Amino acid sequence: MNIKHFITLLDIEKNDLKNLVNRAIELKNMVKKNIVYTPLQNKTLALVFDKSSTRTRVSFEVGMTHFGGNTLFLSPRDTQLGRGEPIEDTARVISSMVDCIVIRTHKHEDLLKFSSVSKVPVINGLTELVHPCQLLADMMTYQELKGEIKGKKVAWVGDANNMCNSYINASKQFEFDLSIATPKNFTPSLFENTDDNISLTNDPEIAVKNADLVVTDVWASMGDEDKEEERKKIFKTLQVNKDLMSLANTDAIFMHCLPAHRGEEVTEEVLNSSASVIWQEAENRLHAQKALLEYLLV
Ligand code: CP
Ligand code: NVA
């Protein structure tokens, strides 16, 4: 049997992704109505994280609790991975005992090594290349609030990072137009010149003009902390503030995967504005990942 992994958004067919988002909304409604649904009894999800996390960890742990299963949180401090045991050896051992594994790590290549020998589904909980779980929640949030995202304009403003790359993948799978504003010399690694629904600019006003959804993220991701001060200067014209948001469509919404750096990539005013859906977006990590676990395991 072929094991289904979730390494990038491209691993799930367009239609299945759409169904998954709709299922996430159903699962959320079930939670709100206190309907108990435990399809993963006696199943264990391992969380192998060598970067910090609040939302990803909590949402997977709570999701498994809802589903009647268990989780095992493993940081490099606790495992032999931190002492240099090869990642493939670790993958073989852990995957012989648990039912699914979420990995959050620096190098995407390490995730690929892990999944290549894993006997159970592997979920990408963030690498330096992509953060696909966040996009499930973002797409779900848009769907809940505004309906289909297909044909809409999304503006990405900021770093050419893992979230930006994930929006590139999402624009292909969910068929929206993506306008990316990054500083000069910051080109997202997954951008290809043949993507005709994706445009690149250094001018955030061009990206945000008439957008239906505006998204940003920190200017220095995990692993880039030493470049934080230098990046504040390079990125300063790319702040999402009230003036920039005023160029978007009047009913446009604002998303941020969080954690946010207030006064840097986004102002407090925008985070607190009526356009901002960040708390719903964060909660939806739980529901979207439950739909993902159901898709992979049930
Ligand atoms: N957005 C997100 O993935 O948050 P955490 O780093 O807290 O998991
Ligand atoms: N781009 C950020 C996302 C955090 C959820 C990072 O990789 O640190």
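**Student:** What's the story with helix α3 (residues 87-95) in this structure? I'm lost.
**Tutor:** Owing to its 3.6 residues per turn, the α-helix aligns residues three or four sequence positions apart on the same side. Here α3 has its buried residues at I87, T90, A91, I94 and S95. The buried residues of α3 occupy an angular sector of 110 degrees when projected down its axis, which confines them to one face. Looking at the packing, one finds that the buried side of α3 touches β1 (44-49), β2 (70-74), β3 (100-104) and α4 (108-117).

**Student:** How should I be thinking about helix α11 (residues 278-297) in this particular structure?
**Tutor:** Look at α11: 29 Å from first C-alpha to last across 20 residues, which is about the 28 Å you get at 1.5 Å a residue. Bending of α11 peaks at approximately 35 degrees at the position of N284. Burial within α11 is extensive, with 15 of its 20 residues counted as buried.

**Student:** Can you help me understand the sheet that holds strand β4 (residues 122-124) in this one?
**Tutor:** Strand order across the open sheet formed by four strands is β2-β1-β3-β4, with parallel pairing between neighbours. Two strands close off the open sheet at either side, each with one partner strand: β2 and β4. Recorded for the sheet is a direction-independent mean angle of 20 degrees between the axes of neighbouring strands. Pairing geometry for β3 and β4, over three bridges, is parallel. Looking at the pairing, I101 lines up with V122 of β4.

**Student:** Would you explain the side chain of S276 in this entry?
**Tutor:** For S276, the location among the structural elements is in the loop between α10 (268-271) and α11. Classification of S276 by relative accessible area gives buried; the value is 15%. Separated by 2.8 Å, the side chain of S276 and the backbone oxygen of L271 make a polar contact. Aside from chain neighbours lying at most four places away, what touches S276 is F254, V270 and L271.

**Student:** I tried to follow the pattern of salt bridges on my own but got confused; where do I start?
**Tutor:** Applying the stated rule across the entire model yields 20 salt bridges. Note that D251 is salt-bridged to K146, the shortest N-O span being 3.9 Å. Of this pair, D251 sits in the loop between α9 (242-245) and β9 (253-256) while K146 sits in helix α5 (residues 132-146); the two residues are 105 residues apart in sequence, bridging distant segments of the chain. Under the relative-accessibility criterion, D251 is labelled partly exposed at 45%. Where salt bridges share partners, they join D159, D224, K227 and R231 into one cluster.

**Student:** Help me understand the environment of T56 in this model?
**Tutor:** By the secondary structure assignment, T56 is in helix α2 (residues 55-66). For T56, a relative accessible area of 2% translates into the label buried. Residues T56 and V102, 46 residues apart in the sequence, show an inter-C-alpha distance of 9.5 Å. The contact partners of T56, leaving out residues within four places of it in the chain, are F49, R104, G125, H131, R285 and Q289.

Cut-off values and rules
- Counting restarts for each chain, with residues numbered from 1 along the sequence as it is written.
- By the order in which they are written, chains take letters starting at A while ligands take numbers starting at 1.
- Where totals are concerned, whole chains, interfaces and linings use all residues; where local detail is concerned, this predicted model gives features only for residues with pLDDT of at least 70, and gives and counts side-chain atom pairs only at 80 or more.
- Water and hydrogen atoms were dropped before computing side-chain values, which therefore reflect all heavy atoms in the structure.
- Exposure classes here rest on a 1.4 Å probe applied to the protein chains alone. A residue is buried below 20% of its type maximum, exposed above 50%, and partly exposed in between.
- The helix count covers DSSP runs of H or I at least four residues long, the strand count covers runs of E at least two residues long, and both are numbered beginning at the N terminus.
- Taking the helix axis as origin, the arc is that swept by the directions to the C-beta atoms.
- Contacts are residue-level and defined by heavy atoms, with any inter-residue pair within 4.5 Å sufficient.
- For a helix, the expected span equals 1.5 Å multiplied by the residue count minus one.
- Take the seven residues that end at a residue and the seven that start at it, fit an axis to each, and the angle between those axes is the bend at that residue.
- Two strands make a pair as long as DSSP finds a minimum of two bridges between them.
- Where helices are involved, their axes are fitted lines through C-alpha atoms of the stretch in contact, as for all axes, and angles between N-to-C directions lie from 0 to 180°.
- Within 3.5 Å is the distance limit for a polar contact, defined as a pair of N or O atoms, with the added protein rule that one can donate a hydrogen and the other accept it, and that residues adjacent in sequence qualify only through two side-chain atoms.
- The term salt bridge refers to a side-chain nitrogen of Lys or Arg lying within 4 Å of a carboxyl oxygen of Asp or Glu.

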